[in-house]
Amino acid sequence: MSAILDPMSIQPADYGRVAVLYGGKSAEREVSLNSGKMVLAALQAAGVDAFGIDVGQDLLQRLNTEQVDRAFIVLHGRGGEDGSMQGLLECLGIPYTGSGVLASALAMDKLKTKHLWLSQGLSTPKYAVLCCESDCRKAAEELGFPLIVKPAHEGSSIGMAKVNSVNELITAWQSASTYDSQVLVEQWISGPEFTVALLGDQVLPPIRLGTTHDFYDYDAKYLASDTRYQVPCGLDEERELELKVLARHACEVVGTTGWARVDVMQDKEGRFWLLEVNTVPGMTDHSLVPMAAKAAGLDYQQLVLTVLAGTMESRG
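Reading the values: rules and limits
Residues numbered from 1 in each chain as written. Predicted model: local features only at pLDDT ≥ 70, side-chain atom pairs only at ≥ 80, totals over all residues. Heavy atoms only, no water. Axes fitted to C-alpha atoms, helices over the stretch in contact; angles between N-to-C directions. Helix = DSSP H or I, 4+ residues; strand = E, 2+ residues; numbered from the N terminus. Parallel < 35°, antiparallel > 145°, perpendicular 65-115°, else oblique. Contact = heavy atoms within 4.5 Å. Nonpolar A, V, L, I, M, F, W, Y, C, P; charged D, E, K, R; others polar. Pairing = 2+ DSSP bridges. Salt bridge = Lys/Arg side-chain N within 4 Å of Asp/Glu carboxyl O. Buried < 20%, exposed > 50% of the residue type's maximum accessible area, 1.4 Å probe, protein only. Phe/Tyr/Trp six-rings, centres within 6.5 Å; stacked < 30°, edge-to-face > 60°. Lys NZ or Arg CZ within 6 Å of the ring centre and 35° of its normal.

Undergrad: It is not clear to me how the packing of helix α1 (residues 29–45) against helix α11 (residues 300–309) should be interpreted in this structure. Could you clarify?
TA: When two helices pack together, their arrangement is given by the angle between the helix axes and the distance between those axes. It is at 9 Å that the axes of α1 and α11 come closest, and there the two elements cross at 90 degrees. Considered as vectors, α1 and α11 are oriented roughly perpendicular to each other. Within the contact between the two elements, α1 uses S35, M38, V39, A42, L43 and A45 and α11 uses Y300, Q301, V304, L305 and L308. Across the contact of α1 with α11, the residue classes tally to nine nonpolar, two polar and no charged.

Undergrad: Quick question: what am I supposed to make of the sheet that holds strand β5 (residues 147–151) here?
TA: Strands pair in a sheet through their backbones, by hydrogen bonds, and they do so in one of two ways: parallel or antiparallel. Strand order across the open sheet formed by four strands is β4-β7-β5-β6, with antiparallel pairing between neighbours. Among the strands making up the open sheet, the edge pair consists of β4 (127–130) and β6 (161–163). Looking at each pair of strands side by side, their axes are set apart by 25 degrees on average, direction ignored. Of the pairings in the sheet, the one linking β4 to strand β7 (residues 183–187) comprises four bridges and is antiparallel in character. Considered in β7, the bridge of Y127 is made with E186. On top of the sheet, helix α7 (residues 166–176) reaches β4, β5, β6 and β7; it is set at about 15 degrees to β5, its chief contact.

Undergrad: Is there a simple way to explain the pattern of salt bridges in this structure?
TA: Scanning the model with the defined rule gives 11 salt bridges in all. Residue D109 is joined to K112 by a salt bridge in which the shortest nitrogen-to-oxygen separation is 3.3 Å. With its nearest N and O atoms 2.9 Å apart, the salt bridge here joins K150 to E186. Of this pair, K150 sits in strand β5 while E186 sits in strand β7, placing them 36 residues apart in sequence. Residue E186 is classed as buried on the basis of its relative accessible area, which comes to 2%. The network of salt bridges with common partners includes R17, R62 and E66.

Undergrad: I keep staring at the packing of aromatic side chains and nothing clicks. Help me out?
TA: We describe a pair of aromatic rings using the distance from one ring centre to the other and the angle between the two ring planes. Using the criterion set out here, one finds two aromatic pairs in the structure. When the ring of F72 is compared with that of W259, the centres are 6.3 Å apart and the planes differ by 75 degrees; the resulting orientation is edge-to-face. Here W259 lies in strand β12 (residues 259–266) and F72 lies in strand β3 (residues 70–73), a separation of 187 residues in the sequence. Taken as a pair, F72 and W259 share a single burial class, namely buried. Between the aromatic rings of F194 and F272, the centroid separation amounts to 6.2 Å while the plane-to-plane angle is 85 degrees, which identifies the pairing as edge-to-face. Here F194, found in strand β8 (residues 193–199), pairs with F272, found in strand β13 (residues 272–278); they are 78 residues apart in sequence, far enough to count as distant. As far as the burial class goes, F194 and F272 line up, both buried. R17 extends its terminal NZ or CZ atom over the ring of F51, reaching a point 4.0 Å from the ring centre. Stacked on the ring of W273, the Lys or Arg R271 has its end atom at 4.4 Å from the ring centre.

Have a look at this one:
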């Protein structure tokens, strides 16, 4: 992660006209709409000349015809978080928030992210790729149960399911395949889940997640009122530092810049296991990065301005 300019040293007018890109057509559209509206309101309240674009077929025309000095990307999922939007903005010469093309594409692909982490000796759950029913049976034999099924290129826990039998695994694979042609199944890690946000070169306080659901699914993330968020996270100082160092290393391997969020499980023996890295984290009133920023002393507006300040830095 690279350093970000202090937003307090930048006048709102210095940003020029800022397009907040949100919505889009991915399975995470509704989350993105909520994130984008909140980001846009915070920028405008801070005096930034910001306007919103619900990304659709007319995006290129709007970027070409409207004055856009920089873009704040709040598009979650494919089409916004996978490097394609970043590539378009690079071609147009428009500075944008967050990671570049390569890191965005890698982080959106759970399988490639795992390959990178494993190549660097970082722990991530054992897994298999599912393409047919025989793959499901083979994975069950090799990994055992329970297992977690995931579309390889989706976020917000969309298409995910915990399974305890071969029949459940086949059904979950078929369901996940409606979202993505590439489906992963991972060994289930029993224990607490943590999320760690990075903002520039700062690692924000980790958050421990608690839910009555089988796992931290879409409903637990955005709809449920009983999801528990523990910050401070409850780890002792040494283990919390270990978690922060792991999260930073995980992001460095992928090559993220600006901001990111890493999801981690801890097993019964206390070992940490990397799940995924998000390069355009949620920014709704249920989202984790604003919560972590608040614990670090940054309110929502300060967080948004800090992310935007990253567009003032050269990508080298």
